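Structure assessment
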Amino acid sequence: MAYQFKLAEKLVILNDRGQGVLIRMNHIKKVFTDSKRRPSYFTEKSNESAVKYINRKFPNIDIRGGSQHLSSIQKQKSAVLEGLHSYYESFIDVMEFRDNVYELLNTIDACQCFFDIAVNFDLTKNYLDLIVTYASVFYMLSRIDDKKAIVGLYNCAYEFSNGNSDPSFPRLGQMFIEYDHPWKKLSEEFGPHTKSVTGALLSLRMLYPRRNLSADQWRSAQLLSLLASPAAMLSPTCCDTMACEYLSTEVMERWILIGFLLCHSSLNTNADSQNLWKTALRSGLYLTVIRDEVLNIHKLSEDFFDGLKGYSKRIPDIKECKDYVITNCGALRREKRNFLRNALKELTKVLEDEPALLGPKALYVFMALSFSRDEVLWLVRHAENIPKTKTPEDYADSQLAELLYHMEKLRTLLAQHRYVIQRYHLQYLSQYDALVLNDIIQGMYVCPEEESVLMSSFVSTLSAMSLKHLDAGEEFDLKAFRLDWLRLQAYTSTGKAPLALKDYPDLAKVMNMAQFHTRMMDSVNELLCETADLSILCFHARVFEKLFSQSSEDVSMQRYLTAFPVICSHFSQCLHPLCPEEVSTVSPARQFINMQCFQLCCATISTARNKKLKKSLPKKGDVPKEKPGTESLRKDRAIVTNLDKMHQALTELCASYSICADFTVFKHIIVPAEFLLSQLEIRLNKVIVQMANYNQSTHEIARPSDLLAGIQAYVTSLHSLSCYINIDVTRLVKNVLLQQTQPLDSYGSQTITTLYTNWFLEGLLRQASSALIVHCPTTQCFVNQNTENEQSFHAEEYADICGLRSLAELIGPYGLKFLNENLMWHIISQVGELKKLVSDNMDVLVQMRANFENPDAMSDLQKKLTGCENVLKRMTIIGVILSFRSMVQEALGEVNVSIYCLKDLISPEGDIKVTLSVYEMASAAGLPCEIDPALVSAIANMQTDNSSIEDEFKITCLLLVFIAVSLPTLCLDPNSFYSRAQGGHQNNIHCLATAVNHIAAAMFTVQRKNTRIQLQEFLKVASSILLQLGQNVERMEIKNRDSIYVILHMIVEQSPFLSQDMLETCFPYVLLRNAYREVHKTFIHTMG
């Protein structure tokens, strides 16, 4: 008879279906309580009257009589049907679930089924799970405030579309009305089932108290210790109730408290029921319904029994238990967690050392995981709702990370040594369980045909297992074996069963043990979900983050912090096919990983910076300053310095990465070490920029040499990470430094290349253009002028050989290319202005070019010429920029090891495209070039479409004439004096030599003209004009005449296209010699 009812199959199916329906109800509740996710029909003002009308008239809604209220629904009926269809179908699922459960429970009662957790474990567990799930579904249904409006709106839209009401609506409406007060209705429903439910619950009276012991009792029994009895270490762990040993106490408490709430009559008649109920009430304040939904079980029980006659004596019991929980439970649970931390640590160490023990002692692992999970979840649900107590610290745990870490370690060991576990249990099943089971079957007096077939299949299945199958890599699937055992439990647990399982306890013991052994073969992961799944933490994100924060503040716990992000790999296990929408609401793991990596980075940064910290000077000047190295002196090793603390924090955090190489969160594989590198990359980029100390308002920045030294010290400290964790620090540093050679890093932030480019352009070169800073060729640097207004920085500290070499090392060829591009932009803007000046004086310059040897004509034309000082000023600015560029290029060449031979084989007279290509490579390496490729490219890009090459060539020639004829005006400037000490002039006009040579070479190269011939013409014009200065003995122009003669010599000396012989043909050498003697004589006189 029992075969026809298929009780086992129905229990399995309805439990899974009920769990999905329960999750669905929870999802609907969350959607409709969240204003952002709530459907628009419930938020629009046009629908307010419709919703109010439906709630008022529910379930008897007359769409004709209420047409004025429901007109808005009629207009958008299709949208309402589409938007609310899934919710409406979910409520129909609840109704169908109720019908099926109701039918099954009646069938079970009619069959007079026997339930005992120690005998028919799977049948009893599935039965009690179904009862609790059923009650939870209707409790969650009652928590959905908008359920009537949802169903009513849908039905109205359906009736407007189809002309008649939905067939399921009347029953749905009636169900909503009946379950407005769910616990009262449920207790009425379960009245006929009291005997079966109470019998199943009372089978826990021995198990639950044994599992719900204090930490001291665990400690005295040496629970979970493999070292307590070394002689029995290799013996298999066996007991009469294998599955009961790792059954969650939280699950049992839910069975007991909700079960006696539904079937409460035995609380007044049965002392065992009352004792079991009180024991469960003393375990905590809250029960988890689903996700983060909890029941305040004491308040619920008190309110429920307060409305029942004959249960007044239970109210004081509830209050007494509640007071006990508030007073004692927090401390008791804290002690349990402390015990489990040490017990799991010992278990992990032993199993890591001897993984073969995972075979005989696998049960210990699952017991440890189950006990730990219960304590973690108890803490989480109570930390979310801390009661009023004198010891709130009992609901916080700064050492929880260690417990989570060891739980994950045990999970990892089970995964790593799966073969060991399978090999051991395969032999156990085939060589022990099969034989014992066969002997028991042979000793049975009565064995009906159906039961006989099942038991024979058990023996044949177990006996057929062989090590050959395992070694061949075959996957085992023993789900059918376990389902058949559940069927056999159902067949043999009915009242009139020919073969009663309770009469054969040895059969139940062997089969329960064999079932556990089969799970070790093919469903270890499923068993881990039952015993160690912490996915519910994703619905307690605030508590999870709080617990992480508390653990991270304890230095001794930092080595275990990786357990928190690894737990996020459990989150996908909480999903159910009936509620796919929940995927988007599950909290992501990345925030916790970020937090942990931030801790590690902070420790690294602090350690690196701490090595550079200097103690501040004492306030009193008479106290001597401490000598370098005093921070390393230590009289007593017990004294812990700040550096010790930082170093310990660093090593502890690094050690936490050993828990796993990678883990998966929602199909995303996360590698902690790689993620750490990415976080370090972000922070190292920021730190380098911060170390530059750039202040845009005051134009202050760290010296390149100081920044380079700081980065080197920082990177040296960073390399110490590789001593503690297997990460490629060299790759990290190279990536970061390469990003710093670009204008922006990979995250779009400014780099030191941008900062130093801005500073040199806006800070140094802008002041050099105004002669507040002077280029000093002798010492190869820029120096400050002695002025009344003191400069905010010393130019020689930034733009000297050491500073520019450091700059070249910091930003490299790529960074200097960006700097040069910005320099070229400023030069081109000046060249554009010079061309305008030439165009304005075109006619005069043409005549001067033709008559430069005629002093009288030149004198008249000189008076017509305008903008001489402007031309020289702009050329000086160009010269200053190009002088700085040449210094930077020289510094780059000294930093880089370059190959010269290719450039030496190239001549400017050859193919200009090939020449420029080679010069571009040489320039990138810091080699000097006769023609500046960057300047050539910039000038070529500024050519306008309207002007021809000949026109541009004419303008360039006239520009050189303009510069040449303007040179005498420099004599009027008192700062035009040549300083031997600096090797240049006080107003930077010596940079004209660099400007003339580079600009002429670049412009004539673009125009494909002979640079040498054009510069010779410039030399003739300049010589003629300067020689005329010697004839004006009484004029002011002769004051700095010798200093101006020196400029002419500089132009020739620096030019690759001119020579001293060319100069002597048009300018007497004796004049140059006398000019140098005069400026040096002045220098000697000044020094004297």
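Thresholds applied
- Residues numbered from 1 in each chain as written.
- Predicted model: local features only at pLDDT ≥ 70, side-chain atom pairs only at ≥ 80, totals over all residues.
- Heavy atoms only, no water.
- Helix = DSSP H or I, 4+ residues; strand = E, 2+ residues; numbered from the N terminus.
- Buried < 20%, exposed > 50% of the residue type's maximum accessible area, 1.4 Å probe, protein only.
- Contact = heavy atoms within 4.5 Å.
- Polar contact = N/O pair within 3.5 Å; in protein donor to acceptor, adjacent residues only side chain to side chain.
- Expected span 1.5 Å × (residues − 1).
- Axes fitted to C-alpha atoms, helices over the stretch in contact; angles between N-to-C directions.
- Parallel < 35°, antiparallel > 145°, perpendicular 65-115°, else oblique.
- Left-handed = near helix turned anticlockwise from the far one by under 90°.
- Nonpolar A, V, L, I, M, F, W, Y, C, P; charged D, E, K, R; others polar.
- Phe/Tyr/Trp six-rings, centres within 6.5 Å; stacked < 30°, edge-to-face > 60°.
- Lys NZ or Arg CZ within 6 Å of the ring centre and 35° of its normal.
- Pairing = 2+ DSSP bridges.

Helix and strand counts for the chain come out as 48 helices and eight strands. The principal-axis extents of the C-alpha atoms in the chain amount to approximately 140 × 85 × 70 Å. Expressed as a percentage of its 1088 residues, the buried residues of the chain come to 54%. For the chain, long-range pairs separated by at least 24 residues make up 79% of all intrachain contacts whose partners lie at least 6 apart in sequence.

It is worth spelling out the side chain of Glu 245 at this point. Assignment of secondary structure puts Glu 245 in helix H13 (residues 242-245). Among the residues examined, Glu 245 registers a relative accessible area of 11% and is labelled buried. A distance of 3.2 Å separates a polar atom in the side chain of Glu 245 from a polar atom in the side chain of Arg 210. Setting aside residues no more than four positions away along its own chain, Glu 245 makes contact with Arg 210, Arg 211, Cys 239, Leu 363, Met 367 and Phe 371.

So, about helix H46 (residues 1041-1054). Taking 1.5 Å per residue as the helical rise, H46 with its 14 residues ought to reach 20 Å, and the 20 Å between its terminal C-alpha atoms agrees with that figure. Along H46, 10 of the 14 residues are buried, which leaves the element largely enclosed by surrounding structure. For H46, the full list of buried residues reads Ser 1043, Ile 1044, Tyr 1045, Val 1046, Ile 1047, Leu 1048, His 1049, Met 1050, Ile 1051 and Val 1052.

Another aspect to go through is the packing of helix H3 (residues 48-57) against helix H4 (residues 67-75). Packing of H3 against H4 leaves a shortest axis separation of 8 Å and a crossing angle of 120°. Viewed along their axes, H3 and H4 adopt a mutual orientation that is oblique. The chirality of how H3 crosses H4 is left-handed. Here Ser 49, Ala 50, Tyr 53, Ile 54 and Arg 56 of H3 lie close against H4, whose contacting residues are His 69, Leu 70, Ser 72 and Ile 73. By residue class, the composition of the contact of H3 with H4 is five nonpolar, three polar and one charged.

An ideal rise of 1.5 Å per residue puts 32 Å on 22 residues; helix H19 (residues 362-383) measures up with 32 Å between its terminal C-alpha atoms. Summarising burial for H19: 21 of the 22 residues are buried, a large majority.

Looking at where Ser 886 falls in the secondary structure, it is placed in helix H39 (residues 868-895). Ser 886 gets classed as partly exposed once you look at its relative accessible area, which sits at 36%. With 359 residues separating them along the chain, Ser 886 and Leu 527 place their C-alpha atoms 73 Å apart.

Mapped onto the elements of the fold, Asn 987 is located in the loop between strand E8 (984-985) and helix H44 (991-1006). When its relative accessible area of 11% is taken as the criterion, Asn 987 is described as buried.

Here the structure, examined in full by the defined rule, presents 38 aromatic pairs. Ring geometry for Trp 378 versus Tyr 395: centroids 5.9 Å apart, planes at 20°, classification stacked. Separated by 17 residues along the polypeptide, Trp 378 in helix H19 and Tyr 395 in the loop between H19 and helix H20 (400-416) bring together distant segments of the chain. Using a relative accessible area of 1% as the deciding quantity, one classes Trp 378 as buried. For the ring pair Tyr 424 and Tyr 428, a centre distance of 6.0 Å and an interplane angle of 55° mean the geometry is tilted. With Tyr 424 and Tyr 428 both in helix H21 (residues 418-442) and four residues apart, the pair spans about one turn of that helix. Each residue in the set Tyr 756, Trp 759, Phe 760, Phe 782, Phe 793, Tyr 798 and Phe 884 is aromatic and connected to the rest through ring pairs, giving one cluster. Against the face of Tyr 324 rests Arg 282, its NZ or CZ located 6.0 Å from the ring centre. When the ring centre of Phe 114 is taken as origin, the NZ or CZ atom of Lys 502, which lies over that ring, is 5.2 Å away.

For the rest of this paragraph, the subject is the pairing of strand E1 (residues 286-290). Taking burial as the measure, the five residues of E1 include five buried ones, the bulk of the element. Here E1 pairs with strand E2 (residues 293-296) via four bridges, running antiparallel. Pairing of Leu 287 across the sheet is with Leu 295, part of E2. Turn length for the E1-E2 hairpin, with the two strands adjacent in sequence and antiparallel, is two residues, and the turn residue Arg 291 shows positive phi of about 55°.

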